[in-house]
Amino acid sequence: MRETVTARAPGKINVHLRVGPPRPDGYHDVASLYLAVSLYEDVEATAREDDGITVRLGEESTAVRDPEDFPLGPDNLVIRAATLLARHTGIERGVDLTVTKRVPIAGGMGGGSADAAATLVACNALWETGLNREQLCELGSRLGADVPFAITGGAAVGLGVGDRLSPLLARERTHWVVLPASYGLSTPQVFAQLDALRADDDVATPTEVDSAVVHALVHGHTDELARLAANDLAPAALSLAPELGDVLAEALTAGALAALVSGSGPTAALLAADPVHADELALQLADAPGVAAYPVHGPVRGAALI
């Protein structure tokens with residue numbers, strides 16, 4: 001048995017996101033077009049002699065300004081993922097987990113889900129538990145709706161609460177710039193705010209993603225994608241963080257083809273025409289004090305050993 005393995009999992013952008021009314025269980029049905037992008041979380045798993053499970057933050061993490069933003073207790077999604085896998089498989093082995101975070105925390109890019117996905121893949125290899133990707137996705141869905149997509153990666157349509165995935169064969173890359181915010185937004189709070197904003201509206205339950213936006217993403221038609229990309233959570237995120245509106249407006253002025261709130265926000269995702277345009281946008285927007293800008297592309301593969 002190997003003593004240490006490392007797995008890498010991508011963050012994601014919701015290129016198109018429709019959100020239905022709240023269900024009796026408090027969740028919302030969605031129709032989402034997911035794109036895994038080249039901003040990654042790494043999880044290193046090292047075997048222990050006992051059955052303890054620990055987590056620490058890697059020194060090369062760039063997404064954590066305050067260590068308190070990444071608590072190390074039993075509620076950490078990484079510990080929960082390793083614990084779930086051990087219990088599911090009956091393994092009585094421990095692991096020390098080191099997480100290198102690059103995806104913004106509470107930023108709407110599924111960083112926590114990527115951590116969980118990478119943990120499942122790393123511990124599955126370390127402990128030689130032999131689960132296939134489909135089984136890991138089923139386990140991951142117990143941890144969060146975005147975890148299965150972080151395992152599969154690529155591009156996909158997500159229905160239900162986002163966990164019913166239909167993979168897409170995206171033939172062309174699209175290029176983006178990710179603008180993390182200096183603050184986070186709670187996903188439940190954003191959904192609650194959306195419900196409040198739409199309290200008097202007759203909101204339908206989404207059952208599919210518009211085929212035109214799927215076609216635009218799959219074939220890399222950026223002009224069409226810019227016209228069709230949308231996010232129902234954006235008004236809620238903007239009402240909770242009005243300064244985000246200025247960021248999106250500045251990005252469009254700088255030449256972004258489209259400027260989206262990523263998931264529940266507050267990270268902004270800017271569509272570029274090509275990799276050169278993405279680099280130019282990132283350089284231009286990162287000139288502002290305290291602003292980071294990362295050119296990324298997608299689709300990329302899901303959680304895997306490195």
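Residues numbered from 1 in each chain as written. Predicted model: local features only at pLDDT ≥ 70, side-chain atom pairs only at ≥ 80, totals over all residues. Heavy atoms only, no water.

A. Summary view of the nonpolar core. Within the largest apolar cluster, 40 residues are counted, with the highest numbers of intra-cluster contacts made by Val95, Leu97, Leu120, Trp127 and Leu143. Contributing elements (two or more residues each) for this core: strand E1 (4-22), strand E2 (28-47), helix H1 (77-89), strand E4 (95-100), helix H2 (111-126), helix H3 (133-141) and helix H4 (147-152). For this core, the leading source of residues is H2, giving ten residues. Beyond its immediate chain neighbours, meaning those up to four positions away, Leu143 contacts Leu77, Arg80, Ala81, Leu84, Ala116 and Leu120. By size, the runner-up hydrophobic cluster in this structure holds 30 residues, among which are Ile13, Ala31, Val178 and Ala269. (Core = buried A, V, L, I, M, F, W, Y, C linked by side-chain atoms within 4.5 Å. Buried < 20%, exposed > 50% of the residue type's maximum accessible area, 1.4 Å probe, protein only. Helix = DSSP H or I, 4+ residues; strand = E, 2+ residues; numbered from the N terminus. Contact = heavy atoms within 4.5 Å.)

B. Fine view of the pattern of salt bridges. Throughout the structure, instances matching the rule amount to 13 salt bridges. The residue Asp29 makes a salt bridge to Arg23 at a minimum N-O spacing of 3.1 Å. The partner of Lys101 in a salt bridge is Asp115, and the shortest N-O contact between them spans 2.8 Å. In this pair, Lys101 sits in the loop between E4 and H2 while Asp115 sits in helix H2, placing the two residues 14 residues apart along the sequence. Both residues of the pair, Lys101 and Asp115, belong to the buried class. Each of Arg8, Asp42 and Arg102 takes part in one network of salt bridges that share partners. (Salt bridge = Lys/Arg side-chain N within 4 Å of Asp/Glu carboxyl O.)

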